[in-house]
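# Residue-level structure breakdown
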Amino acid sequence: MEQQNRQSPEPEPEPEPVPEQLVCSRCGTVAEGTPPTWTCSVENGVRHYFCDACARANLRAIEGRLDSDWW
């Protein structure tokens, strides 16, 4: 029997992960990079991000754990 030299194809390199661009769920402000001062809220299993201004303006509602629909 003849053995064939089979080279397995090299796997393609995985693409670089694209950094997630954060957008304020309230006013639409786009974040530059990952802002440490933004607020993240999980509502019904979906993450919502809020910029400094929106988080500050709605602090009591956020602390009261009200969904953003109520603000």
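Below you will find a few notes about this structure. Fair warning: this is a prediction, and the values are worked out from it, not measured in the lab.

Definitions and limits used
Residues numbered from 1 in each chain as written. Predicted model: local features only at pLDDT ≥ 70, side-chain atom pairs only at ≥ 80, totals over all residues. Heavy atoms only, no water. Helix = DSSP H or I, 4+ residues; strand = E, 2+ residues; numbered from the N terminus. Buried < 20%, exposed > 50% of the residue type's maximum accessible area, 1.4 Å probe, protein only. Contact = heavy atoms within 4.5 Å. Areas by Shrake-Rupley, 256 points an atom, 1.4 Å probe, with all protein chains shown as cover. Disulfide = S-S within 2.5 Å. Pairing = 2+ DSSP bridges.

## Some words on the overall build of the protein
Across its full length, the protein holds 2 helices and 2 strands. Starting at the N terminus and walking to the C terminus, you meet the elements of the protein as β-β-α-α. Of all 71 residues assigned to the protein, the portion counted as buried reaches 24%. Nonlocal contacts in the protein, meaning residues at least 24 apart in sequence, comprise 31% of its contacts between residues at least 6 apart. On the protein, roughly 6700 Å² of surface is accessible, and the fraction owed to carbon and sulfur atoms is 47%.

## Observations regarding the state of the cysteines
Defined simply, a disulfide is a covalent bond joining two cysteines at their sulfur atoms. Within the structure shown, the criterion is met by 0 disulfides. As a non-bridged cysteine, C51 has C54 as the owner of its nearest cysteine sulfur, 3.7 Å distant. Among the residues examined, C51 registers a relative accessible area of 6% and is labelled buried.

## Some thoughts on unusual backbone geometry
Phi is positive for N44, close to 55°, though the residue is something other than glycine. By secondary structure assignment, the location of N44 is in the loop between β1 (39-43) and β2 (46-50). For N44, a relative accessible area of 75% gives the class exposed.

## A short note on the pairing of β1
With 5 bridges joining them, β1 and β2 adopt antiparallel strand pairing. Residue T39 lies in a different strand from β2, and its bridge partner there is F50. What sits between β1 and β2 in their antiparallel hairpin is a turn of 2 residues, with N44 showing a positive phi close to 55°.

## What to know about the environment of A31
Within the element layout of this structure, A31 appears in the segment before β1. Residues A31 and Q21, 10 residues apart in the sequence, show an inter-C-alpha distance of 6.7 Å. In this structure A31 touches Q21, L22 and W38, once residues within four positions along its chain are discounted.

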